[in-house]
Amino acid sequence: MDDRNNRRAVDLLNSFPLLLIPVLIYNLVALFAGAPQPDQTEPALAAVMRGEAFTLPMLSGVMLMLNWGDMLLLLTIVFLLVEVVRSTRRGASSIANLLLTMAVFLLCAIEFLLLPRFVSATFFLLTMIVLLHGLTGLSLWLADRRHGAAAPPA
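Residues numbered from 1 in each chain as written. Predicted model: local features only at pLDDT ≥ 70, side-chain atom pairs only at ≥ 80, totals over all residues. Heavy atoms only, no water.

1. Quick look at the overall build of the protein chain
Reasoning step 1: A tally of helices and strands in the protein chain yields six helices and two strands.
Reasoning step 2: For the protein chain, the N- to C-terminal ordering of α and β elements is α-α-α-β-β-α-α-α.
Reasoning step 3: Within the protein chain, the proportion of its 154 residues that are buried is 28%.
Reasoning step 4: In the protein chain, of all internal contacts separated by at least 6 residues, the share reaching a separation of at least 24 is 61%. (Helix = DSSP H or I, 4+ residues; strand = E, 2+ residues; numbered from the N terminus. Buried < 20%, exposed > 50% of the residue type's maximum accessible area, 1.4 Å probe, protein only. Contact = heavy atoms within 4.5 Å.)

Written out as structure tokens, the structure reads:
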């Protein structure tokens, strides 16, 4: 019975869309960023995302400044790599992951189109990464189905 419960837990983890994590981070920052200061026209969320995370000295002598929006996109790209590797697996959890990823994309698209706090280059790129992962997963799933239909029975 324990082995069956462990398998269910692993299937649940495999079906969880990791790209939801950066979307939730952006949503939390948007929720708690607050209104802009009276003397500023820039939304507070944009100021937070443009805030300096850290700088890296380059061999050329120039300092590379990374802001929080860049760091969120970097985290998203790392999760995209993990998701693409996971999407090569077969099974019900990969289909569930694909459906949940498309639901995350719909959430992102609705937020981007309807909520002013989400109209930013960072969130647009985040949304496009989620869409690209969904399309990648769909193409892999369709290729697997075509390959499985063409294979002779064993």
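What follows continues from the structure just given.
2. Here we look at the packing of helix 2 (residues 20-32) against helix 4 (residues 68-86)
Reasoning step 1: One can describe the packing of helix 2 onto helix 4 by two numbers: an axis separation of 9 Å at closest approach and a directional angle of 160°. When the axis of helix 2 is compared with that of helix 4, the two are roughly antiparallel. Of helix 4, the residues touching helix 2 (which contributes Ile21, Pro22, Ile25 and Tyr26) are Leu72, Leu75, Thr76 and Phe79.
Reasoning step 2: When its residues are assigned to classes, the contact of helix 2 with helix 4 shows seven nonpolar, one polar and no charged. (Axes fitted to C-alpha atoms, helices over the stretch in contact; angles between N-to-C directions. Parallel < 35°, antiparallel > 145°, perpendicular 65-115°, else oblique. Nonpolar A, V, L, I, M, F, W, Y, C, P; charged D, E, K, R; others polar.)

3. Structural notes on the nonpolar core
Reasoning step 1: Among the nonpolar cores identified, the biggest contains 20 residues, and Val23, Tyr26, Val104, Phe123, Leu126 and Val130 are the most heavily contacted of them.
Reasoning step 2: Within the residue set of this core, elements represented by two or more residues are helix 2, helix 3 (44-50), helix 4, helix 5 (92-114) and helix 6 (121-150).
Reasoning step 3: Residues contacting Tyr26, with those up to four places away along its chain left out, are Leu45, Met49, Leu72, Arg117, Phe118, Ser120, Thr122, Phe123 and Leu126. (Core = buried A, V, L, I, M, F, W, Y, C linked by side-chain atoms within 4.5 Å.)

4. Some details on the packing of aromatic side chains
Reasoning step 1: Tallying each qualifying case throughout the model produces four aromatic pairs.
Reasoning step 2: Seen in terms of ring centroids, Phe112 and Phe124 are 5.7 Å apart; in terms of plane orientation they differ by 45°. Their pairing is tilted. Pair noted here: Phe112 is in helix 5 and Phe124 is in helix 6, with a separation of twelve residues, a long-range link.
Reasoning step 3: For Phe112, a relative accessible area of 22% corresponds to the partly exposed category.
Reasoning step 4: Ring geometry for Phe118 against Phe123: centres 5.0 Å apart, planes inclined by 65°, an arrangement best described as edge-to-face. (Phe/Tyr/Trp six-rings, centres within 6.5 Å; stacked < 30°, edge-to-face > 60°.)

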